[in-house]
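Spelled out, the chains give:
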Amino acid sequence: MNNRHVETLSYDFVSLDERDDFTAAAPWSGDVGDFECRHEAAQLQAGPRRHYSDAATARRELEPYLRAWALQ
């Protein structure tokens, strides 16, 4: 039996403007929706608390929260 489970989603922060540099941002960790997240050195690692059998489903759950977070 193949019981797949998403352990971590990874995102790279990419600037739309060459003046922005996310690599110097202070590390952050906290909850975003049902995910435990850590941002450091222009990368976000998100570990789901719930079971997701594929990354696409987990991303659909997380990304609305990330869009709202980015707008802040």
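Above this text is the structure in question.
The shown structure was predicted, so the numbers you read here are calculated from the model rather than taken from an experiment. (Residues numbered from 1 in each chain as written. Predicted model: local features only at pLDDT ≥ 70, side-chain atom pairs only at ≥ 80, totals over all residues. Heavy atoms only, no water.)

S.K.: How do you make sense of the pairing of strand β1 (residues 9–12) when you look at a structure like this?
M.R.: When a strand is regular, its side chains alternate between the sheet's two faces. Every second residue of β1 is oriented toward a common face, the buried set being L9 and Y11 and the non-buried set S10 and D12. In the sheet, β1 pairs with strand β4 (residues 43–48) via four bridges, with the strands oriented antiparallel. Within the sheet, the bridge partner assigned to L9 lies in β4 and is A46. (Buried < 20%, exposed > 50% of the residue type's maximum accessible area, 1.4 Å probe, protein only. Helix = DSSP H or I, 4+ residues; strand = E, 2+ residues; numbered from the N terminus. Pairing = 2+ DSSP bridges.)

S.K.: When you look at helix α1 (residues 55–71) in this model, what are you seeing that I'm missing?
M.R.: The periodicity of an α-helix, 3.6 residues per turn, causes residues three or four places apart in sequence to face the same way. With 17 residues, α1 should cover 24 Å at 1.5 Å per step; its first-to-last C-alpha distance of 24 Å lies within 8% of that length. The principal kink in α1, of about 35 degrees, is found at L62, preceding the proline P64 by one to four residues. The secondary structure elements touched by the buried residues of α1 are β1, β2 (28–32), β3 (35–40) and β4. The opening residue of α1, the one whose side-chain oxygen lies 3.3 Å from the backbone nitrogen of A56, is D54. (Expected span 1.5 Å × (residues − 1). Bend = angle between axes of the 7 residues up to and from the residue. Contact = heavy atoms within 4.5 Å. Polar contact = N/O pair within 3.5 Å; in protein donor to acceptor, adjacent residues only side chain to side chain.)

S.K.: Would you mind showing me how to read the packing of aromatic side chains here?
M.R.: For any pair of aromatic rings, the description consists of the separation of the ring centres together with the inter-plane angle of the planes. The tally for this structure, following the rule as stated, stands at one aromatic pair. Where F35 meets Y52, the ring centres are 5.8 Å apart and the plane angle is 15 degrees; that geometry is what we call stacked. With F35 in strand β3 and Y52 in the loop between β4 and α1, the pair connects residues that are 17 residues apart, well separated along the chain. For the cation-ring pair, R59 lies above Y11, with the distance from its terminal atom to the ring centre recorded as 4.7 Å. (Phe/Tyr/Trp six-rings, centres within 6.5 Å; stacked < 30°, edge-to-face > 60°. Lys NZ or Arg CZ within 6 Å of the ring centre and 35° of its normal.)

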